[in-house]
Each structure stands twice: as C-alpha cells, then as structure tokens.
Number of protein chains: 2
Amino acid sequence: MPDRIYNFSAGPATLPYEVLTQAAKDIVNFRDKGIGLIEMSHRSKEFIGVVDECEALLRELLAIPADYKVLFLQGGASTQFAMVPMNLLRPGQSACYLNTGTWSKKAIKEAQLFGAVDVAYSSEASNFDHVPAPADYTVPAATEYLYFVSNNTIFGTQFHTMPATEKITVCDMSSDILSRPVDVSRFGIIFAGAQKNMGPAGCTLVIIREDLLDRAPDTVPTMFRYKTHADKGSMFNTPPCFAIYTVGLVLQWLKKLGGLTAIEKMNRDKAALLYDAIDASDFYRGHARKDSRSLMNVTFNLPTPELEAKFVSEATAASLDGLKGHRSVGGCRASIYNAFPREGVEKLVEFMGEFEKKNG
Amino acid sequence: MPDRIYNFSAGPATLPYEVLTQAAKDIVNFRDKGIGLIEMSHRSKEFIGVVDECEALLRELLAIPADYKVLFLQGGASTQFAMVPMNLLRPGQSACYLNTGTWSKKAIKEAQLFGAVDVAYSSEASNFDHVPAPADYTVPAATEYLYFVSNNTIFGTQFHTMPATEKITVCDMSSDILSRPVDVSRFGIIFAGAQKNMGPAGCTLVIIREDLLDRAPDTVPTMFRYKTHADKGSMFNTPPCFAIYTVGLVLQWLKKLGGLTAIEKMNRDKAALLYDAIDASDFYRGHARKDSRSLMNVTFNLPTPELEAKFVSEATAASLDGLKGHRSVGGCRASIYNAFPREGVEKLVEFMGEFEKKNG
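Residues numbered from 1 in each chain as written. Chains lettered and ligands numbered in written order. Predicted model: local features only at pLDDT ≥ 70, side-chain atom pairs only at ≥ 80, totals over all residues. Heavy atoms only, no water.

**Regarding the relation of the copies chain B and chain A**
Link 1 in the chain: The transform that puts chain B on chain A rotates by 180° and translates by 0.0 Å along the axis, for an RMSD of 0.0 Å. Between the two chains, the operation in question is that of a two-fold axis. For chain B, the residue whose C-alpha comes nearest the rotation axis is Ala24 of chain B, separated from it by 2.1 Å.
Link 2 in the chain: Residue by residue, 100% of the interface of chain B is reproduced at the interface of chain A, so both copies engage with the same surface. (Least-squares fit on C-alpha atoms with pLDDT ≥ 70 in both. Contact = heavy atoms within 4.5 Å.)

Below is the structure:
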C-alpha cells in the first residue's frame, strides 16, 4: 500500500492529513500537558478552551448571527430526524417536508410520530435524480416549519438555490456544510453529522435560532430538548470530546485555506473536472439531473453492472478507494468533500479515460 | 510538565499509555492501509472487523450469554435514562428505582415521563453516603423493572452485593463496568458510558437481553429503540467509530492483564492503599460509609474547605491532577479506575502524609 490512498468514501470521509497528524500528537500528550486529549476531564479549562475555540471558528466561518446557539451533540443526523419534530411540533400541528432522497424519507417517518406531515415535493418517481426549484412546490400556510436536505449524499443531488419561505426553515446540511457560504439567518435550525465535511463520526452540529429553544412540550426527555444543551454550552453531560476537538482542527485548516468562499471555488473546480469527464463520454452516465448536480457526491453509471464492478475493483487496486455507489443507485459514487485533494480527482479522471479505452 | 501526570479525573479518565500510542498510529494510517482510522467508511470490512473484535472481547471478558445483544450507542448514560423507560414501560406501568446519588435521581426524573416510579430506597438524607443492603428495600410485585447504579462516581459508593430480584434488573454500570466480574445473566439491561473504565467519551455500551427488544411502544422514535440498533449490529447509522475502536484497544489491554478477576485484585489493592491512609488519620475523613466504599472513586474531606483547596492546588503542582471533589460532596475525590497505575496511588498516599505533617 502507498502511504496514503485517495479515499472517495461518502462518510466517514477523507480528512486533511495535517489534522490527522496533529490529532495523533494530542491524543498521547495534549499540548505537552502530560495528559492525553481523550483522558482530559470535559470540565477542565483546557477542554473547555477546545470547545470554545471550535465554536468561535464555526461562528466566524459560517458568519453565524449572535441570536443563534451552536450545539455539539451525539447520535448523528438520524437522531435529529426525531429531535426536530419533538422540539418544534405539538399534537395537531403540521410540518412541510421536501422529499429528495433516503435521508428526507427517514426524517418524514420520524416527524409523523409527532404531527402531520405535508410532503410538498417528491422526486422519488425519478429515483431522486433532482431537487425542486422554488416554483415546484408550495409551503402550506398552516405549516410550522419547512424541512429539506441541502445535499443528497446517496443520489448526488444538491440544492443550488435554497428554499425561501417565511416559515421556520430546517435544513439537514450533513453532507455539504462548510462547503460554500450560506446565509444562516434564513434558517431556524441547521444540523449536520460531522463525518463528511467537518471531522470524524460521533459529533452532530446543531445551529439553532434562540427563539426556538422554548417550544418543546414538557413530555420531551431532557436529553432530547435543544434547550438542555444550549443552556449548558453542550456540557449538560459528557460531550464527544475527541470528535469536537477534531472538528476544531478541521476548522483551523479551513480558515487557513481562506474560508468558505475559497473552498467553494475549489469544490466547484474539482466537481467540474469530474462532471466534464462524464459529459464528454457516452460510456459514463451521470445519475443526477444537470441542474441538481452535487459538488460533493458525484454519482455515475457505466454501461453494465459487470463493468461497474470491474471499474470499482480496478480503481481500488489503483489506490482510488470507496467508489462503489450506494445500492439505491448502483454504479459509482465519488465523494469529493472539502478535504478531498484535487490531485485525486485528476487521477480518477485519468483512470476513467483509460478504463473506457480498454472496455468501451 | 513531566511526560505524564497522574490523572485522577472522574471521567473522561486516564487510559493505558499503550492504548494512546496505538490510537495515535492508527489515526494517521490504520494498519498501514494508507487511510486513517477516522476516515474509513463504517461499512468497510476493516471497520466492521474493528467492531466485531471489540464485541467479541467484551463477550469474552464479561462472559456475556448468547441471548444478550451488545450495542455501541451514542448520547452517554444520560440518554439511557430516557431510553430505558421508553423501551420498557408503557403508560400505567411502574418501575422501581434505588436512589443512591445524582445519576439515579436524574434517571428517576426521566422515567417519570413514561410511567410511575417507586423509589424503594433513598440514601439522600445522609448525602448519599451509602447504598442499601438487600434487606433494606422491597421491590413491589407490580413493578416492571428494578433500576440501580452500581457505582456512584460523585459520592464514592458502590454496591458490593448486587440487588437480586425476579424482576428485570437494569443497571447503570458507567463507572465500574469491567472493574470486577459480574453475572450478566442476572441483568436485563446493563449500560455504561465508555469514558471511565472503557475508553474515550462518545460511546455508550448497552448489553440487553434479547427478549426485551420487542417491548417498545410504536410511538418511540427509531433511534431510541434498542431493537433498531440490535437488528443492525450498531450500524443503523454511522456509529462513533473512533470511540468504539479505542474501547477495543482498552479491552485488548485488559485481556492481556488477565481479565476481570485480575483487574479486580489490582483495584482492591489500589483502593485499600488509599482507604488505609484515610483510616489511619484523623486529618482525612472518608465520605462513604465503610460498607459502601467504592473501589473506583475515593471521596474524602479535610478539616476545612481552605485546607481542601490548598491540598488540591499543591497536589496538582506535584502532578497529582484532578483531585477536586464534586460540588455535591466538596473535598477531594481520587478516581482510580482500571487504568490508573498503582504507582500513582502510592504517590498520592505519600503526598497526603506530607501534607498532613505540614498542615495537620
């Protein structure tokens, strides 16, 4: 094996190498304090400093307004599928969901436990190959909130125009947070698992407008109320210390790169390389409609499942790892999050050309 | 600072040094695969191997019977306070709790959201300085389960005789799991946050008898049902990969040491050193009643709060870190979990002797 493969995994995903080496040092001896990062009390001033720094960097990079709380939780986006309606819906109330893939479907299922759900748009009939434009759906007047997934990891689609509504807007940004600037003030809640663009698995970021903290009915258990965590600076109980620390390192790296405007440019450039290669060939066929293509997850098919299997296997042997598509789409998926190097995309494009020549 | 301080933190707590150095290697390049541990897909055969090995070691060390599932969850023990009643109680049913400290009190509060709670015993009147003997309480005939906390981190008490009942027994073993052999077959559910005896924060172990998986009402969200995680081998969604991996390393270390019988002997020996020092002096005064003393968390007071503050501060300067007691008890607390070295306890006893000479 080479020192480092190209890792196209959809998540947990590739991280900046300097983040890994710094974490390796601090795990054994945090800032030369004679104690490992993962052994430190979460109440120690050193660890509180880690969390504070992480939050400050997030606020800076995303320009989070002062009336929003930043929470570092556990349980992944899947736990948020339940926490959002638990905190925002009361019996008899309804919410509006855009169904653009596996993760919105799962979120709809959980919301139905707590209220009525209007699915204002669904792209399921075309195997979720696109996301709707603003004119394609109507948010009902009586709805409490509009919920959508900004980037659909499995199907490789992404909202390039964010839904705009007067209602509370809730966004699962798990697979494209920090990949481009967003106007946080347009959202009520943004949440994201860390393991794609932010860090390792085990930490879920929640950004929530303060006025939404008091909506949860009294029947909601303590740990599932946003207010519990907001009131204690994510330290109501022991937080996922290592994951938060590593998110902080990734944010430092992102800031050094130039922040969200700079990374968006790099992401557009990387994705264009790959989509251009797909469009220039009849051998490769993109799954997502062009207007909905994701800059994070590029999904494509080859002429036959046999060729797809051969492609993935030979790519892996060439240190291009993790290209097998999700079973819902089949084919291939190249996840090229923030930390994925341009060089790896170039290698993949080169490999695709050679593979087509031999097998086309 | 020395290379390594003695870390008496109650959790996250000290870990074996060889675990830290191994984790540092694998974070950058997992088993020389050219990919960091925290970048690997949780569905990769390498990571599934990590989880399988971790579970197998746990089953071996704790002699977990075949009809129990082992789950690696997120959210800490605090999330279990709600998940236990959500999964075991239906409206109109009741559960029996032994109130022996902060953590049982919090668990009682959550259970009350889902059914009636009988508190069969409470040691609150004497500031939780002991746990009950079996004769001290009666489990009501109509109760669904008996809940208790095996070791009370904050107050430094521990059950040396486990409650015995025909009812389903649920135990929060967060702060003494793997510190001594236990008969798992006597329990319905055992749970524990990892960050004391098992690894870093961010992973919660649940050991559950299979027949309890089907009790949750349909109103319980997917992520809060034990069955969801049991059916998918803790891979319903992305698990806390790094924390599980590190738990696996700690289990390897524990097995090499000789397993639970060996570690219990070492824990008894370490705790005796410290309790003997307390008992030999009028200057130091143990908080826990002798019959309830914890082998994991040794709580003690000095003659005045001023002396306690001085003690903690001078101890820290001498690389004996994390000795400040929880505000509920005041004074000092020395947490000496599995991975805490005997040498560190010897140093503390020596320091206590010197401090008493100078200040007694």
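From this point, things continue past the structure.
**Let's talk about the packing of helix H7 (residues 259–279) of chain A against helix H9 (residues 342–359) of chain A**
All names here are of chain A.
Link 1 in the chain: Their axes nearest at 9 Å, the elements H7 and H9 cross at an angle of 5°. The pairing of H7 with H9 is recorded here as roughly parallel in orientation. Contacts from Asp269, Lys270, Leu273, Leu274, Ala277 and Ile278 of H7 reach H9 at Arg342, Val345, Glu346, Leu348, Val349 and Met352.
Link 2 in the chain: Residues that form the contact of H7 with H9 fall into these classes: eight nonpolar, no polar and four charged. (Axes fitted to C-alpha atoms, helices over the stretch in contact; angles between N-to-C directions. Helix = DSSP H or I, 4+ residues; strand = E, 2+ residues; numbered from the N terminus. Parallel < 35°, antiparallel > 145°, perpendicular 65-115°, else oblique. Nonpolar A, V, L, I, M, F, W, Y, C, P; charged D, E, K, R; others polar.)

**Considering the domain arrangement of chain A**
All names here are of chain A.
Link 1 in the chain: Split into domains, chain A comes out as domain 1 (17–256) and domain 2 (259–359).
Link 2 in the chain: Computed from C-alpha atoms alone, the centre-to-centre distance between domain 1 and domain 2 is 27 Å.
Link 3 in the chain: Tallying the contact residues gives 28 residues for domain 1 and 25 residues for domain 2.
Link 4 in the chain: Counting the surface lost from both domain 1 and domain 2, the interface buries some 2200 Å², and carbon and sulfur atoms represent 55% of this.
Link 5 in the chain: Here domain 1 and domain 2 share zero salt bridges between them.
Link 6 in the chain: At the boundary of domain 1 and domain 2, one finds 16 residue pairs in polar contact (both at pLDDT 80 or more).
Link 7 in the chain: Secondary-structure elements contributing two or more residues to the side of domain 1 that touches domain 2 are helix H2 (45–62), strand S6 (151–152), strand S7 (157–158) and helix H6 (241–257).
Link 8 in the chain: Considering every element that reaches the side of domain 1 that touches domain 2, the biggest residue donor is H6, with three residues.
Link 9 in the chain: When the residues that make up the side of domain 1 that touches domain 2 are grouped by side-chain class, the tally is ten nonpolar, 13 polar and five charged. (Domains from an automatic or database assignment. Buried area = accessible area lost by both parts, 1.4 Å probe. Salt bridge = Lys/Arg side-chain N within 4 Å of Asp/Glu carboxyl O. Polar contact = N/O pair within 3.5 Å; in protein donor to acceptor, adjacent residues only side chain to side chain.)

**Some details on the interface of chain B and chain A**
Link 1 in the chain: Residue-level contacts link 61 residues of chain B with 61 residues of chain A.
Link 2 in the chain: Note on chain B versus chain A: buried area summed over both sides is about 4400 Å², and carbon and sulfur give 61% of it.
Link 3 in the chain: Our count for the contact surface shared by chain B and chain A stands at two salt bridges.
Link 4 in the chain: The residue Glu39 of chain B makes a salt bridge to Arg4 of chain A at a minimum N-O spacing of 2.6 Å.

**What about the confidence of the model for chain A?**
Link 1 in the chain: Confidence along chain A averages 97 in pLDDT terms, with 99% of residues attaining 70 or more.
Link 2 in the chain: The ipTM value of the predicted complex is 0.97, and its pTM value is 0.98. (pLDDT = per-residue confidence, 0-100.)

**A look at the sheet that holds strand S14 (residues 332–335) of chain A**
Two modes of strand pairing occur in sheets, parallel and antiparallel, and in both the strands are linked by backbone hydrogen bonds.
Residues and elements named next belong to chain A.
Link 1 in the chain: Spatial strand order, S11-S12-S14: three strands in an open sheet with antiparallel pairing. This sheet does not close on itself; its edge strands, each paired only once, are strand S11 (285–286) and S14.
Link 2 in the chain: Sheet topology note: the S11/strand S12 (residues 297–301) ladder contains two bridges and is antiparallel. When the bridges of S12 are listed, Arg285 appears paired with Asn301.
Link 3 in the chain: Its contacts with the sheet place H7 against S11, S12 and S14, and it is angled at close to 15° to S12. (Pairing = 2+ DSSP bridges.)

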